[in-house]
Amino acid sequence: MFPASVVPIRMLFDRLLVQPEVDSSERRSAEGLVIPVTAQGPKRLAWAVVVAKGEHVRQVAIGDRVLFDPEERAEVDVAGADYVLLRERDVHGVSQQTEHDDSTGLYL
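Quick summary incoming for the structure in this document. Here the residue index of a chain counts from 1 through its sequence in written order. The predicted origin of the model limits local features to residues at a pLDDT of at least 70 and limits the giving and counting of side-chain atom pairs to 80 or more, whereas totals for whole chains, interfaces and linings rest on all residues. For side-chain calculations, the full set of non-hydrogen atoms in the structure is used, while hydrogens and water are omitted.

## Structural notes on the pairing of strand β5 (residues 65-68)
Moving on, step 1. In the sheet, strand β4 (residues 46-53) pairs with β5 via four bridges, with the strands oriented antiparallel. Across the sheet, residue alanine 48 finds its bridge partner in β5, namely valine 66.
Moving on, step 2. Relative to strand β8 (residues 91-94), β5 runs antiparallel, the two being bridged by three bridges. Along β8, the bridge assignment pairs leucine 67 with glycine 93. Whether two strands pair comes down to DSSP finding at least two bridges between them. The helix count covers DSSP runs of H or I at least four residues long, the strand count covers runs of E at least two residues long, and both are numbered beginning at the N terminus.

Here it is, written out as structure tokens:
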């Protein structure tokens, strides 16, 4: 994987180059139950990190963690690493970093 500043490709227009996060074959529920990959229900969205963006991308920055549909993607191999090409409109959301102040969130 290349750092975001040295990816050997320049994206055009509203295109994004993202590196998908590795999805484990098994997941755990909140209660601790193991859910095998064969028991997956409807399609799930996937997370990826933006490593390059085109000049017309307005809402997403390099380094952002984005949510996208893995069924609608174009994969590309750049210098031995696998990436996904997306349009900005194919991104469903951007992860927001929140500060933890260790409060309970209760207002009394």
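## As for the sheet that holds β8
Moving on, step 1. Strand order in the open sheet formed by six strands is β6-β7-β1-β4-β5-β8, and the pairing between neighbours is antiparallel. Looking at which strands have only one partner, the edges of the open sheet turn out to be β6 (74-78) and β8. Mean inter-strand twist for the sheet, computed between neighbouring axes without regard to direction, equals 45 degrees.
Moving on, step 2. By the bridge criterion, five bridges tie strand β1 (residues 15-20) to β4 in an arrangement that is antiparallel. Pairing of leucine 16 across the sheet is with lysine 53, part of β4. Only the stretch in contact is used when a helix axis is fitted, and all axes are lines through C-alpha atoms; the angle between N-to-C directions ranges over 0 to 180 degrees.

## Points about the side chain of aspartate 14
Moving on, step 1. Inspection of the secondary structure assignment puts aspartate 14 in the segment before β1.
Moving on, step 2. On the basis of relative accessibility, which here comes to 19%, the residue aspartate 14 falls in the buried class.
Moving on, step 3. When near neighbours in sequence (up to four residues on either side) are disregarded, aspartate 14 contacts His56, Val57, Leu86, Arg87 and Glu88. We call a residue buried when its accessible area falls under 20% of the maximum for its residue type, exposed when it is over 50%, and partly exposed in between, using a 1.4 Å probe and counting protein chains only. Note on contacts: a residue pair qualifies if any of its non-hydrogen atoms lie within 4.5 Å across the two residues.

## Here we look at the packing of aromatic side chains
Moving on, step 1. Each Phe, Tyr or Trp ring, with Trp reduced to its six-membered ring, pairs with another whose centre is within 6.5 Å; inter-plane angles below 30 degrees give stacked pairs, above 60 give edge-to-face pairs, and intermediate values give tilted ones. Using the criterion set out here, one finds zero aromatic pairs in the structure.
Moving on, step 2. Definition used: whenever NZ (Lys) or CZ (Arg) falls within 6 Å of the ring centre and also within 35 degrees of the ring normal, the charge is taken to sit over that ring. The positively charged end of arginine 65 is found above the aromatic ring belonging to tryptophan 47, 4.2 Å away from the centroid.

## Considerations on the pairing of β1
Moving on, step 1. Here β1 runs beside strand β7 (residues 81-87); their pairing, made up of four bridges, is antiparallel. Looking across to β7, one finds that leucine 16 is bridged to leucine 86.

So far we have only geometry, and geometry alone does not tell us how the molecule works.
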